[in-house]
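Observations on the three-dimensional arrangement
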Amino acid sequence: MAAANYLSSEDQFLCSICLDVFTDPVTIPCGHNFCKNCINEHWNTSDQHMCPMCKKVFKTRPELHINTFISEMVVQFRQSAQQKTSSSEQQESKPGEVPCDVCTGTKLKALKSCLVCLASYCETHLEPHLTASRLKRHQLIDPVENLEDRMCTKHDKPLELFCKTDQTFVCMLCTVLDHKTHDVVPLKEEYEGKKVELEKTDAEIQQMIQKRQLKIQEIKHSVDLSEEDADRAIAEGVQVFTDLMESVERRLNELIDTIKETQRRRENQAEAFIKELEQEISELMKRSTEVVQLSLSEDHLHLLQSVQSSNIHHPPPTKDWSKVCVPPASYEGTVRRAVVQLEETLSKEIKKLLTEAELKRIQKFAVDVTLDPDTANPELILSDDGKQVKHGDVKKNLPDNPERFSYCNCVLAKQSFSSGRFYFEVQVKGKTEWDLGVARESINRKGNITMSPEDGYWTIGLTNGNEYEALDAPLSVSLSLKSRPQKVGVFVDYEEGLVSFYDVDAAALIYSFTGCSFTEKLFPYFSPDCNDGGKNAAPLIISPVRGCWGLEMIRKEGDTTDRLPVRYRRLGSSRKNRVRMKLTQ
């Protein structure tokens with residue numbers, strides 16, 4: 001039983017030098033075993049006689065003798081391995097598999113092909129290449145067919161070399177004859193070079209695969225975002241149409257109630273007429289009975305006396321019903337008026353609902369904006385958190401750096417944007433003058449400035465307490481607003497070239513700059529204008545956006561913050577652009 005277990009371990013019969021099954025095993029004085037040829041070659045190439053296993057050094061070269069016990073064990077192991085191979089591992093070659101070239105009769109599946117012998121061997125016939133010393137030096141590869149193609153057709157020699165000049169495979173005789181002056185290298189050298197090239201190519205391919213995998217992830221992410229937007233749009237659409245249907249249903253109920261009320265009034269009127277007519281009929285029938293009874297009397301005196309003493313021979317007093325009628329009601333005008341009113345109401349509600357949905361959508365692009373004190377005019381006062389700005393009437397002693405507005409009461413934000421979409425809200429409550437919007441990085445910041453898109457400003461503003469205008473080109477656009485905005489939202493789509501302003505509380509669009517061409521960084525722009533003797537003392541306040549989901553698809557390019565009040569006045573309506581000038585206090 002122990003011998004069987006011992007035989008089952010292949011590691012016990014491997015030479016530690018060649019890592020193959022022992023061939024002529026010998027034992028050296030330290031007790032370790034090696035192939036006789038392996039240990040001799042090891043000592044022949046070394047300047048001392050050392051055991052490769054335990055590193056023990058022998059003063060003289062030990063005499064080697066075959067270890068007969070291990071030799072017998074190796075023979076038994078090989079026989080056992082061959083039996084196992086023949087019984088379980090060796091298989092008959094199938095179509096498409098390389099057969100053994102030595103097998104007679106049934107061809108077994110080849111395990112290796114020898115590039116020296118130019119033959120393929122099954123495991124049984126491969127044994128000599130694993131045990132014989134001279135055959136162990138042959139080059140074995142995974143089984144391949146058509147080994148004759150590896151022979152030079154001209155010299156019948158193995159194709160062992162590669163001609164770089166002609167880019168072809170050659171044998172040793174070819175290098176002496178036809179390829180004598182050519183650049184010829186061993187196949188292994190060319191193989192190693194090509195392997196390096198293939199590894200480099202594979203690395204490039206892997207990079208390409210990685211980029212495409214990232215692109216797939218990017219596309220999937222875009223689809224996910226699109227799906228979220230679609231779901232959000234559907235939800236908003238359902239809400240909008242639900243609200244509209246509810247409004248239509250309310251109007252329809254009002255119309256039905258109106259028609260029914262009109263009909264009830266007509267029915268009540270008709271019932272009153274009928275009741276009055278029935279009462280008159282009752283009186284008439286009573287008089288008729290009296291007349292008939294009197295006319296049947298045969299007492300001449302009594303009849304005449306009765307007629308003289310009363311007006312029985314005349315009908316009782318009644319209303320003239322010839323002009324009284326209850327004409328059928330006509331509801332065409334009622335329905336028409338209701339439809340016209342509904343159309344007007346729906347138009348207003350649709351506009352409001354769409355604006356509310358639009359505002360809700362763009363609020364997800366809200367960004368955190370703070371004012372940049374390095375850009376603020378010296379007369380402006382900024383809060384410590386960079387969220388508020390007002391005019392201070394007193395000019396502070398600040399360095400006149402290139403970024404600072406030196407003359408006009410303006411300030412830019414620290415944050416800048418050169419792509420994507422962004423949105424922020426500013427409270428303007430209590431102010432009589434202000435300007436808001438965005439400005440490009442290269443704007444003029446010294447002296448008087450012209451407020452127009454041509455000069456890098458996309459802004460709207462309030463003047464004289466109730467005059468709203470968009471500082472567009474070529475002329476300022478007067479804005480007619482139904483309500484006075486308390487909080488203004490500013491939305492920018494850089495790629496679309498869009499700058500829109502919203503009355504946040506009323507959910508109404510104030511104005512949009514469209515078709516803009518942005519090529520520089522854009523900075524949020526603020527001007528609280530001058531204090532104006534306390535009339536315009538309220539600050540501009542950057543407000544947090546309610547229901548803000550955070551910034552999406554935005555790349556922040558810089559950082560600038562601070563809000564600036566500036567006092568400007570419009571110099572005549574005939575001017576093409578609004579000019580901002582410092583007013584003397």
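Every chain's residues receive numbers from 1 upward, in the order its sequence appears when written. Given that this is a predicted model, residues contribute local features only at a pLDDT of at least 70 and side-chain atom pairs are listed and counted only at 80 or more, while totals for whole chains, interfaces and linings are drawn from all residues. Calculation of side-chain values draws on the structure's entire complement of heavy atoms; hydrogens and water are dropped beforehand.

In this description a helix means any DSSP run of H or I spanning at least four residues, a strand means any run of E spanning at least two, and both kinds are numbered starting from the N terminus. The secondary structure content of the chain amounts to 8 helices and 27 strands. Across the 585 residues that make up the chain, the buried fraction comes to 36%. Counting contacts in the chain only where the partners sit at least 6 residues apart, residues at least 24 apart contribute 62% of the total. Every accessible area reported is derived by Shrake-Rupley at a probe size of 1.4 Å, with residue values counting cover from the shown protein chains alone. Per element, the accessible surface of the chain, about 35,300 Å² overall, is 52% carbon and sulfur. Categorising residues by exposure relies on relative accessible area from a 1.4 Å probe, with only protein chains included: less than 20% of the type maximum marks a residue as buried, more than 50% marks it as exposed, and the intermediate range marks it as partly exposed. Contacts: residue pairs with any heavy atoms within 4.5 Å of one another.

Within the secondary structure layout, Pro 524 lies in strand β24 (residues 522-527). For the pair formed by Pro 524 and Ser 416, sequence separation is 108 residues and the distance between their alpha carbons is 7.4 Å. Among residues more than four places away in sequence, those in contact with Pro 524 are Val 369, Val 411, Leu 412, Ala 413, Gln 415, Phe 417, Phe 422, Phe 424, Gly 437 and Val 438.

With that settled, the discussion passes to the state of the cysteines. What counts as a disulfide here is a pair of cysteine sulfur atoms lying within 2.5 Å. If you walk through the whole model with that rule in mind, you get 0 disulfides. Its sulfur unpaired, Cys 38 is 3.8 Å from the next cysteine sulfur, which belongs to Cys 18. With no disulfide of its own, Cys 163 lies closest to Cys 174 among cysteine sulfurs, the gap being 9.2 Å.

On to the side chain of Thr 175. Along the polypeptide, Thr 175 turns up in helix α5 (residues 172-176). Ignoring anything within four residues of it in the chain, the contact list for Thr 175 reads Leu 161, Val 170, Lys 180 and Val 184.

It is worth spelling out helix α7 (residues 300-309) at this point. Within α7, only 1 of the 10 residues are buried, leaving the element largely exposed. Backbone nitrogen of Leu 301 and a side-chain oxygen of the N-cap are separated by 3.2 Å at the start of α7; the cap is Asp 299. Polar contact is the term for a pair of N or O atoms within 3.5 Å; when the atoms are in protein, one must be able to donate a hydrogen and the other to accept it, and sequence-neighboring residues count only if both atoms are side-chain atoms.

Paired strands are those between which DSSP finds at least two bridges. Taken in spatial order, the 7 strands line up as β11-β12-β25-β15-β21-β22-β23 in an open sheet, and their pairing is antiparallel. Two strands bound the open sheet, and with one partner strand each, they are β11 (380-382) and β23 (508-513). On average, each strand axis in the sheet is tilted by 20 degrees relative to the strand beside it, whichever way the strands run. Orientation is described by lines fitted to C-alpha atoms, with helices fitted over the stretch in contact, and by angles between N-to-C directions that extend from 0 to 180 degrees.

Okay, the sheet that holds strand β10 (residues 184-186) next. Taken together, the 3 strands give an open sheet; going across it, the order is β9-β8-β10, and neighbouring strands pair in antiparallel fashion. If you trace the sheet from one side to the other, it starts and ends with β9 (168-170) and β10, each paired once. The sheet shows a mean angle of 35 degrees between the axes of neighbouring strands, direction not considered. Pairing between strand β8 (residues 161-163) and β9: 3 bridges, direction antiparallel. When the sheet's bridge partners are listed, Leu 161 is paired in β9 with Val 170.

Turning next to the environment of Cys 103. Turning to its location among the elements, Cys 103 is positioned in the loop between α3 (68-89) and β5 (112-114). Judged by relative accessible area, Cys 103 falls into the buried class, the value being 6%. The spatial distance from the C-alpha of Cys 103 to the C-alpha of Tyr 121 is 8.2 Å, given a sequence separation of 18 residues. With near-sequence residues (within four places) excluded, Cys 103 lies in contact with Leu 108, Cys 122 and His 125.

Further remarks concern the packing of aromatic side chains. Each pair of aromatic rings taken from Phe, Tyr and Trp, with Trp reduced to its six-membered ring, is defined by centres within 6.5 Å and is described as stacked if the planes are under 30 degrees apart, edge-to-face if over 60, and tilted in the remaining cases. Summed over the entire model, instances satisfying the criterion amount to 11 aromatic pairs. Ring geometry for Phe 273 versus Trp 321: centroids 6.0 Å apart, planes at 85 degrees, classification edge-to-face. Taken together, the residues span a long stretch of sequence, with Phe 273 in helix α6 (residues 187-295) and Trp 321 in the loop between α7 and α8 (332-362) at a distance of 48 residues. An angle of 50 degrees between the planes, with centres 5.7 Å apart, marks the rings of Phe 424 and Phe 526 as tilted.

Time to look at a nonpolar patch on the surface. Together, Leu 173, Val 176 and Leu 177 give the surface a local cluster of nonpolar side chains, amounting to about 270 Å² of exposed area. Position of Leu 173 relative to the elements: it lies in helix α5. Patch building starts from residues that exceed 30% relative accessible area and form no salt bridge, then joins like charges within 9 Å and nonpolar side chains (Val, Leu, Ile, Met, Phe, Trp, Tyr) within 5 Å. Here, a salt bridge means any side-chain nitrogen of Lys or Arg that lies within 4 Å of a carboxyl oxygen of Asp or Glu.

A few words now on the side chain of Ser 500. Tracing the backbone shows Ser 500 in strand β22 (residues 498-503). For Ser 500, the residues in contact, after removing those within four places along its chain, are Gly 489, Val 490, Phe 491, Leu 509, Tyr 511 and Ser 512.

Time to look at the pattern of salt bridges. The tally for this structure, following the rule as stated, stands at 16 salt bridges. A salt bridge links Glu 197 to Lys 194; the shortest N-O distance between them is 3.7 Å. Of this pair, Glu 197 and Lys 194 both sit in helix α6, 3 residues apart, which is roughly one turn of that helix. Residue classification places Lys 194 among the partly exposed residues on the basis of a relative accessible area of 36%. Arg 264 is paired through a salt bridge with Glu 261; the nearest N and O atoms lie 2.7 Å apart. Taken as a pair, Arg 264 and Glu 261 lie in helix α6 at a separation of 3 residues, close to a single helical turn. Its relative accessible area of 40% is what places Arg 264 among the partly exposed residues. Overall, Glu 261 belongs to the partly exposed group, its relative accessible area being 34%.

Soluble, globular proteins show a tendency: their nonpolar side chains are buried together. Nonpolar core, defined: a set of buried Ala, Val, Leu, Ile, Met, Phe, Trp, Tyr and Cys residues in which side-chain atoms within 4.5 Å join the residues together. Membership of the largest hydrophobic core comes to 37 residues, with the highest contact counts inside it found for Trp 434, Ile 460, Phe 513 and Phe 526. In terms of nonpolar packing, the next biggest core, distinct from the first, is built from 18 residues, Cys 15, Val 21, Phe 58 and Ile 70 among them.

Okay, the confidence of the model for the chain next. Looking at the chain as a whole, its pLDDT mean stands at 83, while 89% of the residues score no less than 70. Here pLDDT means the predictor's own confidence in every residue, given as a number from 0 to 100. Taking the mean pLDDT of every element in the chain, the minimum, 39, falls on strand β26 (residues 556-560) and the maximum, 97, on β24. Low pLDDT, under 50, characterises residues 1-8; the stretch is placed with 7 contacts to residues that sit more than four places away or in other chains.

Turning our eyes to something else, we now look at the environment of Ser 322. Structurally, Ser 322 is set in the loop between α7 and α8. Judged by relative accessible area, Ser 322 falls into the exposed class, the value being 59%. A distance of 2.8 Å separates polar atoms of two side chains, one belonging to Ser 322 and the other to Asp 320.

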